[in-house]
Every structure is written in C-alpha cells, then in structure tokens.
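# Observations on the model geometry
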Amino acid sequence: MRNLITYLGLIGAMALMFVAAPARADDASRNKEIQERFSKCDLNRDGRLTLDEAKGCMPRVYDNFSRIDGQNKGYVTAAEIEAMAAR
C-alpha cells in the first residue's frame, strides 16, 4: 500500500511538471519576442522606449503606453512591457 501511494505521488508530480512546462516555455518565447522587438524599436539604444519610438514599431505598446508607464516617466522598459504582457 505504501509503495502504491509513493508511485501515485510520483506520477502526480511528473504530470504537474509536464503541465507547467509549456507555460514557462510560452513566457520565455513571449519575452524573447518582446526583447527582439524592443531592441529594433529603441532607436537611440538607451534601453528606454518612448511613445514616439513605440508608435510605428510596437502598436500594442503604443496603444497601452500610459498603462505600462504607470509612473508617467515618458518611457517604458522591456521589463515593464514583459510584466504587462504576463498579466
């Protein structure tokens, strides 16, 4: 009986790993795409994306700029875009 419970626990843990892994892979893929697009759009290479830089290059960021730039700094970072995309 003890062995059966142990095996069932192991099977459950393995199943959980397989279910959780695709979500992390999707997050990593999404963040990689954000980083690549951010790099192309950040014309002056300062690590910040202004509203003007986002306008033609990252339309969803442009449309949601004020939500992403919650502190009204006038720019957003790749990390802020990734955080918003994860919500």
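Refer to the structure presented above.
So, here is what we can say about the structure in this document.

A few words now on the overall build of the protein. Counting its secondary structure elements, the protein contains five helices and two strands. Helices and strands in the protein line up, N terminus first, as α-β-α-α-α-β-α. Scored against the burial criterion, the 87 residues of the protein give a buried share of 21%. Within the protein, residue pairs in contact and separated by at least 24 positions form 37% of the contacts whose partners lie at least 6 positions apart.

Right, let's talk about the nonpolar core for a bit. Formed by 13 residues in total, the largest nonpolar core has its most connected members in F38, L49, M58, V61, I68, V76 and I81. Within the residue set of this core, elements represented by two or more residues are α1 (2–41), α4 (65–68) and α5 (78–86). Ignoring anything within four residues of it in the chain, the contact list for I81 reads I34, F38, L49, M58, V61, I68 and V76.

Below, the discussion takes up α5. Along α5, the residues classified as buried are A78, I81, E82 and M84. Axial view of α5: buried residues confined to an arc of 165°, hence all on one face. Projecting away from the buried face of α5 at angles above 90 degrees are the exposed residues A79 and A86.

What counts, and at which threshold
Residues numbered from 1 in each chain as written. Predicted model: local features only at pLDDT ≥ 70, side-chain atom pairs only at ≥ 80, totals over all residues. Heavy atoms only, no water. Helix = DSSP H or I, 4+ residues; strand = E, 2+ residues; numbered from the N terminus. Buried < 20%, exposed > 50% of the residue type's maximum accessible area, 1.4 Å probe, protein only. Contact = heavy atoms within 4.5 Å. Core = buried A, V, L, I, M, F, W, Y, C linked by side-chain atoms within 4.5 Å. Arc of directions from axis to C-beta.

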